[in-house]
Amino acid sequence: MASKPIGFLSLLFSSLILVIVVSPALADDVMVTVRAVTPIQQTDGNLVCATMDWWPKDKCNYGWCPWYNSSIINLDLNNTILYNAIDAFKNLRIRLGGSLQDQVIYGVGEHRKHCENFKSDPNGMFTFTSGCLTMRRWDELNTFFRETGAIITFGLNALKGREKALDSTEYVGPWDSTNAHHFMRHTIAKGYKIDSWEFGNELCGGGVAAKVNATQYAQDLIKLKKIINRLYRRFSDQDKPKLLAPGGFFEMQWFIEMLQASGPNVVDVVTHHIYNLGPGNDNNLMSRILDPFYLSQVANTYKNVEYVVKNYGPWSTPWIGESGGAFNSGGKDVSNSFVDSFWYLDQLGMVSVYGHSVFCRQALIGGNYALLDPITYVPNPDYYSALLWSKLMGRRVLQTTNDGSPYFRSYTHCSKNGQGVTSLFINYSNSTSSDVSLVGDYNIYPPALYEEIGPREEYHLTPEGGNLKSRVMLLNGQPLKLTSDNQIPELTPLVVEDGTPLHIAPYSIAFIRYKNFNAPACA
């Protein structure tokens, strides 16, 4: 069995840089068993999603101002790296939204002439005034999205027309849909394709800076659904945008009341947010990322959301509408480094098991948790983790167990665009490697296990120099860096013939594609 990582906390806090130290004598034999007959879940074809936010460059947390010019309003859409990074996914799902979403005015109708950007305001919600999206900028964004193949979710302002209650963060009264209605009508007239409209940001339950009663919110959802159905009446069901709600932190009773009060076939997708690592300035952030026991705690939220959707809104499906791990812009020098993939990829695997179809990462660019550096646009390690998942992991999720220590995680999906299955292995131990064998459970009585035969493709991920806080990820020992013309590098596997042991090093992650694995679930 694996030994628990030795001296972990003392190592962590005695140095700003955590370096992998491997003892070759410590190794576990781990058998991974895949139930191959039927899938246990099925994700969206685009589970990987990234967000674009409204934050201006003077958004700061803990004395850091990591957003620069990465806002929806001022992001450089002509940047070659940005274009190539999105294009590499072929169809990256992008959610436009965030904290300032419910302060956004759309520059149509009466707002066309007076459309001003966000400004700092100590008395404003999130310390900013309202801001305006010009239709010129909306044209630029949609041209960019069309060229890169992005699939767009747009978050609407759900506070328009409401009044703030005295001595409370609650907003009361019905939603004024006028500006949103004109904006949606303009969007259709321009031929811009929107996959889904989301209603508000973090207004559910106790809210963050504002909240809305579940019954009132549900009534406004019904109103918005009628607007969508009317505006898109000539569109096929397949091309008609979905309605997403509520885009906030899960509180069971509020979510139940929302679904019951809005009724069948109003909410198509139930979105909720996850920031399970705590604040970005927490000194324990890195230790939480590397603690599988801590990471497992969020599974209860995923289970509860899945339960609520199945029992109170079976016409809908759950998504993670936003998650950056650590809130308030992420952890400086942590959320943008290699170590964060121990959290990020584990979350992708976990949400898939618990019936969630999409996971939107905060953020594509901007903040410390960005997939792309907000100054240089160079991909951070989690970008390559997301790209590998997108290219390798298919929609069908297979039940996967292993007999290793709790510091070894395993997830398996049917392979994307190819035969066989792909497994994700995460080794959280700092001292023990894992020698892995994969077997298939075919639900035969008496029970029988069949070993995998044939070659496999291996994608081993480690940090440059063994430094977990490195901004450079190694794929099979080679650094993943942009090419000389700013193209995303090829993600080339190591092809290993049958019979060669599979070795997962300490503090490493691996995608393994078993091309000849016989899985009836994937037929």
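Keep in mind the model is a prediction, meaning the values are calculated, not measured.

Cut-offs applied
- Residues numbered from 1 in each chain as written.
- Predicted model: local features only at pLDDT ≥ 70, side-chain atom pairs only at ≥ 80, totals over all residues.
- Heavy atoms only, no water.
- Phe/Tyr/Trp six-rings, centres within 6.5 Å; stacked < 30°, edge-to-face > 60°.
- Helix = DSSP H or I, 4+ residues; strand = E, 2+ residues; numbered from the N terminus.
- Buried < 20%, exposed > 50% of the residue type's maximum accessible area, 1.4 Å probe, protein only.
- Salt bridge = Lys/Arg side-chain N within 4 Å of Asp/Glu carboxyl O.
- Axes fitted to C-alpha atoms, helices over the stretch in contact; angles between N-to-C directions.
- Parallel < 35°, antiparallel > 145°, perpendicular 65-115°, else oblique.
- Contact = heavy atoms within 4.5 Å.
- Nonpolar A, V, L, I, M, F, W, Y, C, P; charged D, E, K, R; others polar.
- Pairing = 2+ DSSP bridges.
- Disulfide = S-S within 2.5 Å.

Draft legend 1. Representation of the packing of aromatic side chains in the model. What the rule picks out here adds up to 33 aromatic pairs. Judged by centre distance (5.2 Å) and plane angle (40°), the rings of Phe199 and Tyr217 are tilted. Note that Phe199 is positioned in strand β10 (residues 196-199) and Tyr217 in helix α5 (residues 214-231), a separation of 18 residues in sequence. You can call Phe199 buried: its relative accessible area is 0%. Given the relative accessible area of 1%, Tyr217 is considered buried. Aromatic ring contacts, followed pair by pair, group Trp54, Tyr106, Phe118, Trp138, Phe154, Phe183, Tyr192 and Trp197 into a single cluster.

Draft legend 2. Structural detail: the pattern of salt bridges. Under the defined criterion, the tally for this structure stands at 23 salt bridges. The partner of Arg136 in a salt bridge is Glu140, and the shortest N-O contact between them spans 3.9 Å. A residue pair is termed a helical-turn pair when its members lie 3 or 4 positions apart in one helix, as Arg136 and Glu140 do in helix α3 (residues 135-148) at four residues. For Glu140, a relative accessible area of 34% translates into the label partly exposed. Between Lys190 and Asp139 there is a salt bridge, with its nearest N and O atoms 3.8 Å apart. Here the residue Lys190 occupies a position in the loop between α4 (178-189) and β10, and Asp139 occupies one in helix α3, the gap between them amounting to 51 residues. When its relative accessible area of 41% is taken as the criterion, Lys190 is described as partly exposed. Connected through salt bridges with shared partners, the residues Asp44, Arg93, Asp195 and Lys242 form a single ionic network.

Draft legend 3. Seen up close, the packing of helix α2 (residues 80-87) against α3. Contact geometry of α2 with α3 gives a least axis separation of 9 Å together with a crossing angle of 50°. Here α2 lies oblique to α3, going by the angle between them. From α2, Leu82, Tyr83, Ile86 and Asp87 reach across to α3, where they touch Phe144, Glu147 and Thr148. Split into classes, the residues belonging to the contact of α2 with α3 amount to four nonpolar, one polar and two charged.

Draft legend 4. Looking closely at unusual backbone geometry. Note the cis peptide between Ala245 and Pro246, where omega equals 0°. Its place among the elements puts Pro246 in strand β11 (residues 242-248). Residues Gln362 and Ala363 are joined by a peptide bond in cis, for which omega reads 5°. For Phe126, which is not glycine, the phi torsion reads 55° and is therefore positive. Relative to the helices and strands, Phe126 resides in the loop between β5 (104-106) and β6 (131-133). Although it is not a glycine, Tyr507 adopts a positive phi angle of roughly 45°. One can find Tyr507 in the loop between β27 (502-504) and β28 (508-514). On the basis of relative accessible area, Tyr507 is assigned to the buried category, the value being 1%.

Draft legend 5. Representation of the pairing of strand β23 (residues 456-463) within the structure. Within β23, seven of the eight residues are buried, which leaves the element mostly enclosed by the surrounding structure. Sheet topology note: the β23/strand β24 (residues 473-475) ladder contains three bridges and is antiparallel. Across the sheet, the residue bridging to Thr462 is Leu474, located in β24.

Draft legend 6. Molecular detail of the state of the cysteines. One pass over the full model with this rule turns up four disulfides. At a sulfur-sulfur separation of 2.1 Å, the disulfide partner of Cys49 is Cys360. Since a negative S-S torsion denotes a left-handed disulfide, the Cys49-Cys360 link at about 85° is right-handed. With Cys49 in strand β3 (residues 48-52) and Cys360 in strand β16 (residues 359-361), this pair connects stretches of sequence that are 311 residues apart. On the basis of relative accessibility, which here comes to 0%, the residue Cys49 falls in the buried class. Cys360 gets classed as buried once you look at its relative accessible area, which sits at 2%. Covalently, Cys414 is tied to Cys522 through a disulfide, its sulfur atoms 2.0 Å apart. Negative torsions about the S-S bond denote left-handed disulfides, and the value of about -85° found for Cys414 with Cys522 makes this one left-handed. Of this pair, Cys414 sits in strand β19 (residues 408-415) while Cys522 sits in the segment after β28; the two residues are 108 residues apart in sequence, bridging distant segments of the chain.

Any link to function would need more than the numbers given here.
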